[in-house]
Every structure is written in structure tokens, then in C-alpha cells.
Number of protein chains: 2
Amino acid sequence: MKSKTSHCKIVDCTVRDGGLVNNWDFSIEFVQYLYNSLNEAGVDYMEIGYKNSPKLLKGADSAGPWRFLNDEFLRKVIPNKGNTKLSALVDVGRVDEADVLPRSESMLDLIRVACYIQDVDKALELIRMFHERGYETTLNIMALSNVMENQLLEAFALIRESVVDVVYIVDSYGSLKPNDMSYLVDKFKEHLPNKRLGVHTHNNMQLAFANTLVAAEKGVELLDASVYGMGRAAGNCNTELLVTSLSNTKYSVRPVLDMIEKYMIPLREKEEWGYIIPYMITGMLDEHPRSAMALRDSEDKDKAVDFYDRLTTPEVAHARK
Amino acid sequence: MKSKTSHCKIVDCTVRDGGLVNNWDFSIEFVQYLYNSLNEAGVDYMEIGYKNSPKLLKGADSAGPWRFLNDEFLRKVIPNKGNTKLSALVDVGRVDEADVLPRSESMLDLIRVACYIQDVDKALELIRMFHERGYETTLNIMALSNVMENQLLEAFALIRESVVDVVYIVDSYGSLKPNDMSYLVDKFKEHLPNKRLGVHTHNNMQLAFANTLVAAEKGVELLDASVYGMGRAAGNCNTELLVTSLSNTKYSVRPVLDMIEKYMIPLREKEEWGYIIPYMITGMLDEHPRSAMALRDSEDKDKAVDFYDRLTTPEVAHARK
């Protein structure tokens, strides 16, 4: 049974969110093959990296070029742009506006601004600037599961008056259940009737795809995903699942399967993401996966019970907050 | 947000369905540790294997003892039975009724009968017998996604008049979306108002847990799961996810995490199950995973595109039906 989801568009985040796994160490061939696969599959947007400024970030030297996108470089990577639009993410406080050309001179179509709830005003100021330069824009409010209602209502008031095109519901910790997602979409629709919505999920509890479907059926338009789920920690909603499931005949799964076979299966042998117990634990506890990522990077990576005990012992749990 | 699921009971199928992965090659220590973990976690039932007859099955000699449960043996395995009840599955045409003792002389509490839609009458006859011997009973109709409405309505008429306690919705191919599950639960509730319901899902499209939650929230009572998802092909809904998510304070996830750490992580190194692309493909095509299982057993196990092409080329697809 196909659901009513023909209004949806897919934003593939494999390079951008997957880069958080491998420090953006993707070859140009990988990114080109991915772009062509997504374009052939009918995927609407490819988020090809971050457009933060290396001057404003530590450890910038070691990262691959997808962390600090440069238009001249992008032009060489994607010499023949197809229907799939290009997107970049920026973080509040990490982007130098001077780096962002007018859209008419850029390969990018969409600039997305990520922030925590207390920085929504700053994010909207950046968005105003990108909007004036001709870009499509989105506001991605992270860690919504840790935001109180009054903060959210204040943010909604600012957003309603802004020029932003799309507002994202971001389940940063992979802690939302389908019921929670449904509740948040209703809330966003009620308070932001003049905005389009997007959703970005994480797979800590194997609910990334299901939560994305819930949002899609409730009218959310932009759906983030990544091929084979590649993304930080538990990863994202899988692009291959979305293209097979949305009621939109323009999508085709075969090119995505080809990308998986040729690049993602070998890559998954070297890099780790997905449903892994420590990530399930941080998801169920509704917290950032950083403690689980540190565990996976240590000799104790499979010591799930000790990890669970540490996170749930009252004095430790309090200190973390 | 916890959902209204305090009516639910968990049936852990790790040994029974997981045995389809490793030919029931579980040590007695494994099964004892699992039983104690589930009992400590508050899980309601443990399905400890099949109770088919070796006389009625090919290849019986090589299988572990959990494929042909024997009460004398079970008594040694579980010398101190706790609150977790024991269940066994039988298949129509594979069980010798003479093997099934009265419940008062057996370690088993629940006998579940699996069948395809055309054998519902035979299954109900077995169930009548097990019911008379004192057991709780369930009818597990497999491959519901391939059943036509008129067949289902005929089966409902027989079931309504039967003594069976619980009727299962079984997503054998892992092809159901949450909307499909919701539709089927409504249909079963409408036509079987005098029966309790159960659900058994598969994870081909990463929807096993989400579909189980959908069913639970609509009033389905018995929820099948397995630890770390172990089950044939893509596996099942994960027990660890259910115990953390149901609104029932009696469940505790820690003993399940302990089982995963001690036994399931090492076992997953040797045996394969879970979200694997060929299983995703059979799930999205709504068909039995046997072709994908054969592929995974061959040198071409990661050749997803060829596999997809074979299953979707019209002349081949027709021949398979």
C-alpha cells in the first residue's frame, strides 16, 4: 500500500553526514559516482558537504574537501550537473558569510543552517543573507527532543516572520518514537502554517525510516536520508528505502543499489555506523551519542552493560547533564 | 512519549526463529543464559524451539535439539522455571500429536501453530487438540501480504468458531509498511472480535520494530521479538527495543543487554542476519527471502544489482510466481 507522499522530496546527506564518520575522506570518484547515481535515481537534492570556514574550526587541516566546500572545486567535481540540486550545510558561528557567492555564480542551490534552539535568531540572520543571495534555505533546529515548549514557541514566533523556506525537525539523538514525530509535526504545522517542513532522523532505535514515513504522510516535504544509512553513529534514514517507498514514480532504486554494491558495502567494512548497541542506549536515554562514540573508539567497545550502568547511575547521569 | 501499550506481552523467539539461521546449533548454556536473562527482564514468553517431529522432516539429523523439543530434555535445561512461560511452534503437517503431552506433564505453556492460509482448517484442528490438553494456543497465519481478501474472510469464519486463544498477523516477507500493518490489525479486530491478537514481523525494510509498535498501540497483545533481532534472513523485531519502549514498568533492558554482550555479539560474528540489501530487495518486492538466502550463501552475495535485475525482469519474475 503506497502512502500519500507524492509531495515529498529527498535530500541525500551521505557525503555531509557520512563525513562525520570518516572525516570527509571521500574520493572525488566516490562523490561523482554518488551524484550520478542519485541523479539517475531521481533524488531531488544531494548535500555535498559543509560550507563552514576552516578559519573558524579546529582540526580543519586533516578533513577532506567536503567539509569546507569551495565553488571552484565543486565545478570540477560535478562538470555536468543534472536534475539533482546541490546543498550545503553551515553551522551558526562556523560560517564566514564572505565565502558564500551569489547563487548565480555558485554550484549550490540550497543552503541549510543548523543550530540549537538558543541560536535560532542568529541562524535566521544567516538565512536572510543567503536568501538575498538567491539560495533556497532551510533552518535545521537540532536536538528537538531536549527543547522545552516555551523555547520552541519563542523560536516559532521568530521563524514565522522570517524568509526561511523550510524548517526542519531534527531528531539528533535518534530518540523519537513515531508518536513523538507525529506530535512534533502537528506542533510545527500549527505554529508555522506559512512554512514548508523537513525532517532529519537518526537510526539509534531502528526508527529512522519509520519516523520519516510518519512525517511524510503528515505533509512534511523535505526528507533527509543517506545511502545505506551512512551518517554519524547510528546513521540516518536509508535513501534506498525512501526511493522504494514514496509514492512518486520518478524514483528508481536500481542506481542506489548500484552505489551500495560498488562503494558502500566496501566502505562499511572500514568505517562503522548503524544499529549498534551503545547507540541504541544513548537513543533510548535521549542523549547525544558522543559517549557511545567514545566507547566504540575504545577497547571496551562491546561492553554494553558497563556503559548502560555508567549512563544510568544517578550521580553519573546528573553530572552529564 | 510512552504509548498505551501496557496490555502487551513479549514472546521472545530468539531460539526458535534464530535457529533458522544456525540450524538450532545453540548450546545448552546459551539457552539457559537466555532464559534467565529474559526471566530477569520480565519477558513474558520464551519460544524455546519447534516441536515438530523428526520423522516428518528432511535433514532432521543435523539439527540442534531445539528443533524437536522433548520434555525430558527441557526439564534438564530449565530446572528452575521462573515467571517467563515457555512456548513451542509447530507446523501443520510436521507435528505428530502423539508427541505432545498434556500440559500438566509438560514444561511448555503455549503451543503456536503456523500455517499458510489454505491450511487454517488443519491448524485449527491441531489447536483444538492442544487446547484440550490444557495449553494456551495461537494460530500464526504466515505470508499474509500474499493473501487475497476472500481467502482471509473464509479463514476468519473458521477462526471465530474455534477455541484458539490468539491469532497472529505474520509479516513473513518483511514487506508491510506501518500503514499496511494498521490496516491488517483493523481488519482482524473487525472480523475476530472474540479473539486476542499477536504480531510477528521481519526487518527487511527496517520496519519490524515500528510495525510492532503500530500493532501494539492498536491493541495487539502478543508481540514477537528476538534478542539483537536474530531470526531468519533480515531477522525480527529486537527484544531490547521492545522492553525499553513498552509502557510497562515490569520490563528491564539490562539483562537483555547482558545477553547481547555475552552471546549475541560473538554469535553475529559467525552467523548472519539483519538488514542486508538482498533481504531488503525481497522485502520491497513482497516475496519469500529464499532467493536472497541462496544469494548470501554464494560467491555473489554482494551482487545486489544483478540480483535485483533477476527478480524484476518480467520473464523471470513471472516464472517465480
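Residues numbered from 1 in each chain as written. Chains lettered and ligands numbered in written order. Predicted model: local features only at pLDDT ≥ 70, side-chain atom pairs only at ≥ 80, totals over all residues. Heavy atoms only, no water.

This brings us to the interface of chain B and chain A. Across the contact, 39 residues belong to chain B and 39 residues belong to chain A. Between chain B and chain A the total buried area reaches about 3,600 Å² when both faces are included, carbon and sulfur atoms providing 63% of it. Applying the counting rule to chain B against chain A returns two salt bridges. Note that Asp309(B) and Arg254(A) form a salt bridge whose closest N and O atoms lie 2.6 Å from each other. When residues of the side of chain B that touches chain A are traced back to their parent elements, those giving at least two are α6 (178-191), α7 (208-217), α8 (239-245), α9 (254-270), α10 (277-284) and α12 (304-312) of chain B. With six residues, α9(B) is the largest single contributor of residues to the side of chain B that touches chain A. Each residue belonging to the side of chain B that touches chain A can be placed in one class, and the counts come to 22 nonpolar, seven polar and 10 charged. (Contact = heavy atoms within 4.5 Å. Buried area = accessible area lost by both parts, 1.4 Å probe. Salt bridge = Lys/Arg side-chain N within 4 Å of Asp/Glu carboxyl O. Helix = DSSP H or I, 4+ residues; strand = E, 2+ residues; numbered from the N terminus. Nonpolar A, V, L, I, M, F, W, Y, C, P; charged D, E, K, R; others polar.)

In this structure, Leu246(B) sits in the loop between α8 and α9. By relative accessible area, Leu246(B) is classed as buried at 1%. (Buried < 20%, exposed > 50% of the residue type's maximum accessible area, 1.4 Å probe, protein only.)

Let us look at the packing of helix α2 (residues 28-41) of chain A against helix α9 (residues 254-270) of chain A. Residues and elements named next belong to chain A. Across the interface, α2 lies against α9 with an axial gap of 8 Å and an inter-helix angle of 155°. The angle between α2 and α9 places the two elements in the roughly antiparallel class. Both α2 and α9 take part in a crossing whose hand is left-handed. Only Pro255, Val256, Asp258, Met259, Lys262, Tyr263, Met264 and Leu267 of α9 make contact with α2, whose side of the interface consists of Glu29, Phe30, Tyr33, Leu34, Ser37, Glu40 and Ala41. (Axes fitted to C-alpha atoms, helices over the stretch in contact; angles between N-to-C directions. Parallel < 35°, antiparallel > 145°, perpendicular 65-115°, else oblique. Left-handed = near helix turned anticlockwise from the far one by under 90°.)

Residue and element names in this part refer to chain A. Turning to its location among the elements, Thr138 is positioned in strand β5 (residues 136-141). A distance of 2.7 Å separates the side chain of Thr138 from the side chain of Asn140, its partner in a polar contact. With residues near it in sequence (within four places) discarded, Thr138 still touches Leu110, Ile111, Arg112, Val113, Ile127, Val164, Val166, Tyr168 and Leu222. (Polar contact = N/O pair within 3.5 Å; in protein donor to acceptor, adjacent residues only side chain to side chain.)

Notably, Gln206(A) is not glycine yet its phi reads approximately 60°, a positive angle. Tracing the backbone through its elements, the reader meets Gln206(A) in the loop between β7 (196-200) and α7 (208-217). Of note in this structure, Asp286(B) is not a glycine but carries a positive phi near 60°.

Our next topic: the sheet that holds strand β7 (residues 196-200) of chain B. All names here are of chain B. Read around the closed barrel, the eight strands follow the order β1-β2-β3-β4-β5-β6-β7-β8; overall the barrel is parallel. Along the sheet, successive strands turn relative to each other by an average axial angle of 25°, direction set aside. Docked against the sheet, helix α4 (residues 120-132) engages β3 (85-91), β4 (110-115) and β5 (136-141), running at close to 170° with respect to β5. On the sheet, α6 packs against β6 (166-170) and β7 and is oriented at approximately 155° with respect to β6. (Pairing = 2+ DSSP bridges.)

To continue, consider the pairing of β6(B). All names here are of chain B. In terms of residue burial, β6 counts as a mostly covered element, since five of its five residues are buried. Both β5 and β6 contribute to a ladder of four bridges, which runs parallel. Within β6, the residue paired with Leu139 across the bridge is Val167. With five bridges joining them, β6 and β7 adopt parallel strand pairing. Bridge pairing in β7 places Val170 opposite His200.

What follows concerns the UniProt feature "domain: Pyruvate carboxyltransferase" (unreviewed entry) in chain A. Taking the UniProt record as the reference, the feature "domain: Pyruvate carboxyltransferase" (unreviewed entry) is found at residues 8-261 of chain A. Overall, residues 8-261 of chain A shows 37% helix and 17% strand. The separation of its end C-alpha atoms is 26 Å. (UniProt positions renumbered as here; feature names shortened; annotations may be inferred.)

It is worth spelling out the relation of the copies chain B and chain A at this point. Rotating chain B by 180° about the axis while translating it 0.0 Å along that axis superimposes it on chain A, leaving an RMSD of 0.0 Å. Overall, the copies show the geometry of a two-fold rotation axis. (Least-squares fit on C-alpha atoms with pLDDT ≥ 70 in both.)

One full turn of an α-helix is made of 3.6 residues, so residues set three or four places apart face in the same direction. Over its 14 residues, helix α6 (residues 178-191) of chain A extends 20 Å from the first C-alpha to the last, a length consistent with the 20 Å expected when each residue adds 1.5 Å. Along α6(A), the residues that are buried comprise Pro178(A), Asp180(A), Met181(A), Ser182(A), Leu184(A), Val185(A), Lys187(A), Phe188(A) and His191(A). Where α6(A) is buried, its residues contact α5 (149-160), β6 (166-170), β7 and α7 of chain A together with α7 of chain B. (Expected span 1.5 Å × (residues − 1).)

Residues of helix α12 (residues 304-312) of chain A that are buried: Ala304(A), Val305(A), Phe307(A), Tyr308(A) and Leu311(A). Projection of α12(A) onto a plane perpendicular to its axis shows the buried side chains occupying an angular sector of 160°, all on one side. (Arc of directions from axis to C-beta.)

Moving on, we come to the side chain of Asn140(B). Residues and elements named next belong to chain B. Position of Asn140 among the secondary structure elements: in strand β5. On the accessibility criterion, Asn140 (5% relative accessible area) is buried. In this view, Asn140 contacts Leu89, Arg112, Val113, Ala114, Cys115, Tyr168 and Val170; residues no more than four positions away in its chain are not counted.

A common way to state how big an interface is: give the accessible area lost once the parts meet. Residue and element names in this part refer to chain A. For chain A, the domain assignment lists domain 1 (9-270) and domain 2 (277-320). Using only C-alpha atoms to locate each centre, domain 1 and domain 2 end up separated by 26 Å. Taken together, the contact between domain 1 and domain 2 spans 10 residues of the former and 10 residues of the latter. Together, the buried faces of domain 1 and domain 2 total about 880 Å²; carbon and sulfur atoms form 61% of this surface. Between domain 1 and domain 2 we count zero salt bridges in total. Summed over the shared surface of domain 1 and domain 2, the result is four residue pairs in polar contact (both at pLDDT 80 or more). For the side of domain 1 that touches domain 2, the residue count by class is four nonpolar, five polar and one charged. (Domains from an automatic or database assignment.)

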